[in-house]
Amino acid sequence: MELSLIQKIVIYAPPIIFAITVHEAAHGYAAKHFGDMTAYNAGRITLNPLKHIDLFGTILLPAMTILLGGILFGWAKPVPVDFSRLRNPKKDMLWVAAAGPASNFLMAILWVLVIKFAMGAPEAISLPMIEMAKAGISINIVLMVLNLLPLPPLDGGRIAVSLLPMPYAIKFAQIERFGFLILIALMFSGILNKILDPLINAVYALIISLFG
């Protein structure tokens, strides 16, 4: 099914916005659970995407990458987390960081269920729903895998910092100031795609094995 520009925007916009914003909200929920009220006090523990949207990172950049055929790339306004306020900062950091990718995996599963529901609907409804759900699955898997890369400030980097012994964790955390530049370099060199593609395919295979 070849989509026009307008159709792509209509179909991709809701999955992109919710994939990115729910990811951020999940960090806030987890931080609150483990004792840090920073996100809660800032009004960021909400599923309202308007609270999380960054005009460039959530809308313009993902739209450009989708339309140009590149790997989805984008971000929301980061949810503020003060790791020092967590009850056990080093240990709890893992769960706060993992909450974002976990939310993307759950959303991918929800979009699978949308496809199963849409198959029983009239064609005029089922076709756009299935296309949107396929986009939702793809977007959430890509964001989950991308964010699990062990590179600070990505979630995978924070998970690595949590797991490493303290002397190594301190040194590894110092990479964060260069993390975004490293990620951009990996993306434009094509190395990022080579790293992500087999991981993305593995998650697809897992979901297919679970739901058919």
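Residues numbered from 1 in each chain as written. Predicted model: local features only at pLDDT ≥ 70, side-chain atom pairs only at ≥ 80, totals over all residues. Heavy atoms only, no water.

Points about the confidence of the model for the protein
- Averaged over all residues, the pLDDT of the protein equals 89, while 96% of them reach at least 70.
- Mean pLDDT values over the elements of the protein span from 76, in helix 3 (residues 55-68), up to 96, in helix 6 (residues 155-163). (pLDDT = per-residue confidence, 0-100. Helix = DSSP H or I, 4+ residues; strand = E, 2+ residues; numbered from the N terminus.)

Things to note about the nonpolar core
- Counting 21 residues, the largest nonpolar core has I141, V145, L192 and L196 as the members making the most contacts within it.
- For this core, the elements supplying multiple residues, two or more each, are helix 4 (89-118), helix 5 (123-147), helix 8 (176-189) and helix 9 (191-211).
- The element that contributes the greatest number of residues to this core is helix 5, accounting for 7 residues.
- In this structure V145 touches L196, L199, I200 and V203, once residues within four positions along its chain are discounted.
- F34, V96, A160 and V161 belong to the second-largest nonpolar core, a separate cluster that totals 13 residues. (Core = buried A, V, L, I, M, F, W, Y, C linked by side-chain atoms within 4.5 Å. Buried < 20%, exposed > 50% of the residue type's maximum accessible area, 1.4 Å probe, protein only. Contact = heavy atoms within 4.5 Å.)

Some remarks on a nonpolar patch on the surface
- A cluster of nonpolar residues, L55, F56, I59, L60, M64 and L68, forms a patch on the protein surface that exposes about 600 Å² of accessible area.
- In this fold, M64 is placed in helix 3.
- A relative accessible area of 40% places M64 in the partly exposed class. (Patch = residues over 30% accessible without salt bridge, like charges linked within 9 Å, V, L, I, M, F, W, Y side chains within 5 Å. Areas by Shrake-Rupley, 256 points an atom, 1.4 Å probe, with all protein chains shown as cover. Salt bridge = Lys/Arg side-chain N within 4 Å of Asp/Glu carboxyl O.)

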